[in-house]
Amino acid sequence: MKAVKDKDTLYSRPLEKLVDFNFDEKVANVFPDMINRSVPGYASIVAMTGILSAEFYQAGSNCYDLGCSLGASSLSMARSINARFENAQLVETPSVKDSSLRIIAVDNSQAMLQKAQILLKQSDPDGSDISCIDFICDDINFVDINNASVVVMNFTLQFIALEQRSSLLAKIYQGMRTGGILILSEKLNYTDTEQQKLLIDMHHFFKKANGYSKLEISQKRQTLENVLLPETLEQHKIRLQQIGFKQTEQWFQCFNFSSLIAIK
Ligand code: GEK
């Protein structure tokens, strides 16, 4: 995706009142800078989302990007899946993309989706990759999941109320084809106090090295406290197993940020 120059300075000055973090227009405008400087490994996870999607995508099925924000994961999926089909077909017939590919990108922030559509058009002016992406503005708890071979939740489940997570994941599982994958990326929590402290410290070193001040780190942390609710790796794995996923593997971790693949 084309880089956006807008720098995240939202928490650089002391704020009188810290309100809970939400994905409004101010956040949407600086989001690429914010997520790259705040989430260790974000760019790798987005790139690998494309690679894994291309391998596990089943022709004629749907792909979902739940909590798509500015569409970075959707674009990565579209490019990688289309490239896989183009390469396969070069050998036999000249052509063509898998015209049945649909990527359903869902977010409940109108501001994010508006910006996503502008950015994707800039990244792919002739629309050859992004024409398969349908944006839906809705709560992912209310969206139907059907005939899916790839479902991506990159740093979205952590914003869903704890008591809604099992039913949401069960709905996703029900809507998936056998052999389909869920890519689940999350910030992790640790039950051991020392381990938790060390991992949080390392995350803050990362943010400091990326130019965030102590004030920015502290104010952002407070605004996320009631909104971003991390769980442990074990909680994620056990829940996915209980829902029925036949294999769950952690394939990435950098500090307290991780990604799992779960296969139906
Ligand atoms: C990326 N996956 O760039 N329904 C729909 N969307 C939601 C909901 C909900 N209930 N709750 C939160 N969101 C993206 C990054 S960001 C992660 C995902 C972060 C949306 C919210 O509006 C936001 O756009 C996204 O989930 C989380 O690969 O900022 O750390």
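About the thresholds
- Residues numbered from 1 in each chain as written.
- Predicted model: local features only at pLDDT ≥ 70, side-chain atom pairs only at ≥ 80, totals over all residues.
- Heavy atoms only, no water.
- Helix = DSSP H or I, 4+ residues; strand = E, 2+ residues; numbered from the N terminus.
- Contact = heavy atoms within 4.5 Å.
- Pairing = 2+ DSSP bridges.
- Axes fitted to C-alpha atoms, helices over the stretch in contact; angles between N-to-C directions.
- Buried < 20%, exposed > 50% of the residue type's maximum accessible area, 1.4 Å probe, protein only.
- Right-handed = clockwise from strand over helix to strand, strands pointing away.

What follows concerns the environment of Ala54. Mapped onto the fold, Ala54 is located in helix α2 (residues 42-56). Each residue touching Ala54, except ones within four places of it in the same chain, is listed here: Ser80, Ile81 and Arg84.

It is worth spelling out the sheet that holds strand β1 (residues 62-66) at this point. Spatially, the 7 strands line up as an open sheet ordered β3-β2-β1-β4-β5-β7-β6, and their pairing is mixed. Each of the sheet's edge strands pairs with one partner strand only, and the pair in question is β3 (133-137) and β6 (247-254). Recorded for the sheet is a direction-independent mean angle of 15° between the axes of neighbouring strands. Running at roughly 160° to β3, helix α4 (residues 110-123) makes contact with β2 (102-107) and β3 of the sheet.

Let us look at helix α7 (residues 214-224). Of all the residues in α7, the buried ones are Glu216, Ile217, Gln219, Lys220, Thr223 and Leu224. Contact partners of the buried residues in α7: α1 (25-38) and α6 (193-209).

The element strand β4 (residues 148-154) is extensively covered by neighbouring structure, given that 7 of its 7 residues are classed as buried. For β1 and β4, the ladder comprises 4 bridges, and the chain directions are parallel. Following the sheet pairing, Tyr64 is matched in β4 by Val151. When β4 meets strand β5 (residues 176-187), the two strands line up parallel, connected through 6 bridges. Along β5, the bridge assignment pairs Ala148 with Met176. A crossover links β4 with its parallel partner β5, the connecting element being helix α5 (residues 165-174), and its sense is right-handed.

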